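# Structural characterization, general
Residues per chain are reported as follows:
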2 protein chains.
Amino acid sequence: MAVETVGPRRPEHMTSRQLDRRRRVLAAAHELLAAAPPHEVQVKDIAERAGVSLAAIYHYFSSKDHLLGEALVAWAEGLGESTRRRSLPKDPAARFTELIRRGVRAYRREPQYAALFLFVAASRDPHAIECMGRLSAHVGGAMADALSYLDAQTALDVQRIVGNAWTGGLFECVHGLSSFAELERSMAAACRLLLRA
Amino acid sequence: MAVETVGPRRPEHMTSRQLDRRRRVLAAAHELLAAAPPHEVQVKDIAERAGVSLAAIYHYFSSKDHLLGEALVAWAEGLGESTRRRSLPKDPAARFTELIRRGVRAYRREPQYAALFLFVAASRDPHAIECMGRLSAHVGGAMADALSYLDAQTALDVQRIVGNAWTGGLFECVHGLSSFAELERSMAAACRLLLRA
């Protein structure tokens with residue numbers, strides 16, 4: 001049995017006081033990310049805003065990339081919860097389309113998370129890569145659920161195409177090559193064309 | 001009438017000797033890009049390899065980003081020419097699918113151009129942005145031609161979705177989140193699903 005002896009402490013092994021401190025650190029990261037692009041956000045500023053020592057931060061997160069990866073996952077999981085609370089259409093294609101629309105809307109409302117997504121996705125830090133894996137599983141799981149009415153291969157193809165187009169669309173928005181309004185139209189068209197009977 | 005008084009000399013205003021020097025600079029850039037990622041390639045190394053002074057380089061290109069943007073456009077235009085020489089299927093959907101497949105293959109064969117694409121696309125340098133505009137017009141024009149059998153709105157939608165998925169796919173390949181083999185499968189599936197009658 002593998003016993004984890006290196007790396008940051010995992011949330012499931014934290015006391016409630018440690019979890020509270022970790023939450024404060026992530027909240028501070030979210031605040032700073034609203035004001036500056038991820039490559040300019042500094043861990044020492046996050047520590048200061050959270051009222052936590054730099055040493056404590058590295059107890060919870062192995063690196064800046066890991067911290068920002070956890071901030072991205074926390075944001076996406078929060079979105080997932082609020083999305084589940086609002087009812088979705090019964091028709092499977094309309095349901096999938098609406099899920100995608102809500103996702104794009106979330107990035108449109110808070111475009112700093114589009115920049116954060118690209119930052120974390122481009123990181124080679126092993127813990128950031130692990131965060132991307134959890135994010136993919138989270139988003140991919142929601143997509144696969146909504147597409148389960150299709151045959152398995154088509155569902156997988158649609159999921160990949162939409163996933164690629166999503167990543168590309170976020171890249172183009174962040175770098176000023178396109179707009180979120182355009183991305184919303186383009187993703188709606190993707191759903192319509194990919195899911196027609 | 002606007003007279004261009006600032007910025008690098010444009011190829012259409014160059015003597016044949018200047019054009020030859022410009023070609024040598026771009027050839028040197030291509031060689032260095034095969035060996036190192038774009039952010040590590042330095043203009044002084046390109047100058048040295050091309051046997052051209054640094055001052056001369058800045059006569060032709062306003063910045064490193066501009067130089068690399070021109071290298072990207074030159075590569076893509078070269079591909080376009082070699083693609084046009086090889087015959088394409090007559091069936092319009094098969095024709096578009098084959099064009100996309102050749103494009104992905106080109107990046108797969110020389111993945112340094114995927115990294116270069118992302119580098120230039122992310123640049124805020126005005127001349128690099130202008131290069132991206134020319135690249136988009138070049139690729140978009142080829143796609144629009146192949147899709148002209150569809151109604152205008154569907155053709156535009158397909159072009160945008162495929163463009164977004166392409167950008168996202170290159171991003172994922174460059175950052176090790178996916179493979180070119182996977183991108184080839186995914187783009188083939190995109191063409192199949194988007195273009196079914």
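Look up a bit, the structure's there.
Residues numbered from 1 in each chain as written. Chains lettered and ligands numbered in written order. Predicted model: local features only at pLDDT ≥ 70, side-chain atom pairs only at ≥ 80, totals over all residues. Heavy atoms only, no water.

### With respect to the pattern of salt bridges
Residues and elements named next belong to chain A. On inspection of all chains with the given rule, the structure shows 28 salt bridges over all chains. For Arg22, the salt bridge goes to Glu70, with nearest N and O atoms at 3.2 Å. Note that Arg22 is positioned in helix 1 (residues 16-33) and Glu70 in helix 4 (residues 64-85), a separation of 48 residues in sequence. Among the ionic pairs, Arg102 bridges to Glu98, the shortest N-O distance being 2.9 Å. In this pair, Arg102 and Glu98 both sit in helix 5 (residues 92-109), 4 residues apart, roughly one turn of the helix. Residue classification places Arg102 among the buried positions, given a relative accessible area of 8%. (Salt bridge = Lys/Arg side-chain N within 4 Å of Asp/Glu carboxyl O. Helix = DSSP H or I, 4+ residues; strand = E, 2+ residues; numbered from the N terminus. Buried < 20%, exposed > 50% of the residue type's maximum accessible area, 1.4 Å probe, protein only.)

### Description of the relation of the copies chain A and chain B
Turning one copy of the chain about an axis and sliding it along that axis gives the other copy, so a rotation and a shift relate them. When chain A is brought onto chain B, the operation consists of a screw motion whose angular component is 180 degrees and whose axial shift is 0.0 Å, with 0.0 Å RMSD remaining. Those values place the two copies in the arrangement expected of a two-fold rotation axis. Both copies share a contact surface, since 100% of the interface residues of chain A are interface residues in chain B too. (Least-squares fit on C-alpha atoms with pLDDT ≥ 70 in both. Contact = heavy atoms within 4.5 Å.)

### Comments concerning the packing of aromatic side chains
Each aromatic ring pair is described using two quantities: the centre-to-centre distance and the angle formed by the ring planes. Inspection of the entire model under this criterion finds 9 aromatic pairs over all chains. The structure contains a cluster of three or more aromatic residues connected by ring pairs, namely A:Trp75, A:Tyr107, A:Tyr113 and A:Trp166. (Phe/Tyr/Trp six-rings, centres within 6.5 Å; stacked < 30°, edge-to-face > 60°.)

### Focus on the interface of chain A and chain B
Each side of the interface is counted separately: chain A has 30 residues, and chain B has 30 residues. For the chain A and chain B pair, buried surface summed over both sides reaches about 2,600 Å², with 58% attributable to carbon and sulfur atoms. Linking chain A with chain B are 4 salt bridges, by the criterion used here. Residue A:Glu182 is joined to B:Arg160 by a salt bridge in which the shortest nitrogen-to-oxygen separation is 3.1 Å. (Buried area = accessible area lost by both parts, 1.4 Å probe.)

### Re the side chain of A:Ser186
Positionally, A:Ser186 belongs in helix 9 (residues 180-195). Not counting residues within four places of it along the chain, the set of residues in contact with A:Ser186 comprises B:Arg160, B:Ile161 and B:Asn164.

### With respect to the packing of helix 4 (residues 64-85) of chain B against helix 7 (residues 126-146) of chain B
All names here are of chain B. Helix 7 packs onto helix 4 with a crossing angle of 10 degrees between their chain directions and a minimal axis gap of 8 Å. Judged on the interaxial angle alone, helix 7 and helix 4 are roughly parallel. Once helix 4 is placed against helix 7, the crossing between them reads as left-handed. Of helix 7, the residues touching helix 4 (which contributes Asp65, His66, Gly69, Glu70, Leu72, Val73, Ala76, Glu77 and Gly80) are His127, Ala128, Cys131, Met132, Arg134, Leu135 and His138. Residues of the contact of helix 4 with helix 7, tallied by class, amount to 7 nonpolar, 5 polar and 4 charged. (Axes fitted to C-alpha atoms, helices over the stretch in contact; angles between N-to-C directions. Parallel < 35°, antiparallel > 145°, perpendicular 65-115°, else oblique. Left-handed = near helix turned anticlockwise from the far one by under 90°. Nonpolar A, V, L, I, M, F, W, Y, C, P; charged D, E, K, R; others polar.)

### Observations concerning the environment of B:Arg101
Residues and elements named next belong to chain B. Secondary-structure assignment places Arg101 in helix 5 (residues 92-109). You can call Arg101 partly exposed: its relative accessible area is 32%. Through-space distance from the C-alpha of Arg101 to that of Gly133 is 22 Å; in sequence the pair is 32 residues apart. A polar contact is formed between the side chain of Arg101 and the side chain of Glu98, at a distance of 3.0 Å. (Polar contact = N/O pair within 3.5 Å; in protein donor to acceptor, adjacent residues only side chain to side chain.)

### With respect to the packing of helix 5 of chain A against helix 7 (residues 126-146) of chain A
Residue and element names in this part refer to chain A. Where helix 5 meets helix 7, the closest approach of the two axes is 9 Å, and the angle between their N-to-C directions is 160 degrees. Comparing the axis directions of helix 5 and helix 7 gives the class roughly antiparallel. For the pair helix 5 and helix 7, the contacting residues are Pro92, Phe96, Leu99 and Ile100 in the first and Ala142, Met143 and Ala146 in the second. By residue class, the composition of the contact of helix 5 with helix 7 is 7 nonpolar, no polar and no charged.

### Focus on the state of the cysteines
For the structure shown, the criterion picks out 0 disulfides over all chains. Not engaged in a disulfide, the cysteine A:Cys191 finds its nearest cysteine sulfur in A:Cys173; these two sulfurs lie 16 Å apart. (Disulfide = S-S within 2.5 Å.)

### Let's talk about the side chain of B:Thr154
Following the sequence through the fold, B:Thr154 ends up in helix 8 (residues 152-174). On the basis of relative accessible area, B:Thr154 is assigned to the buried category, the value being 18%.

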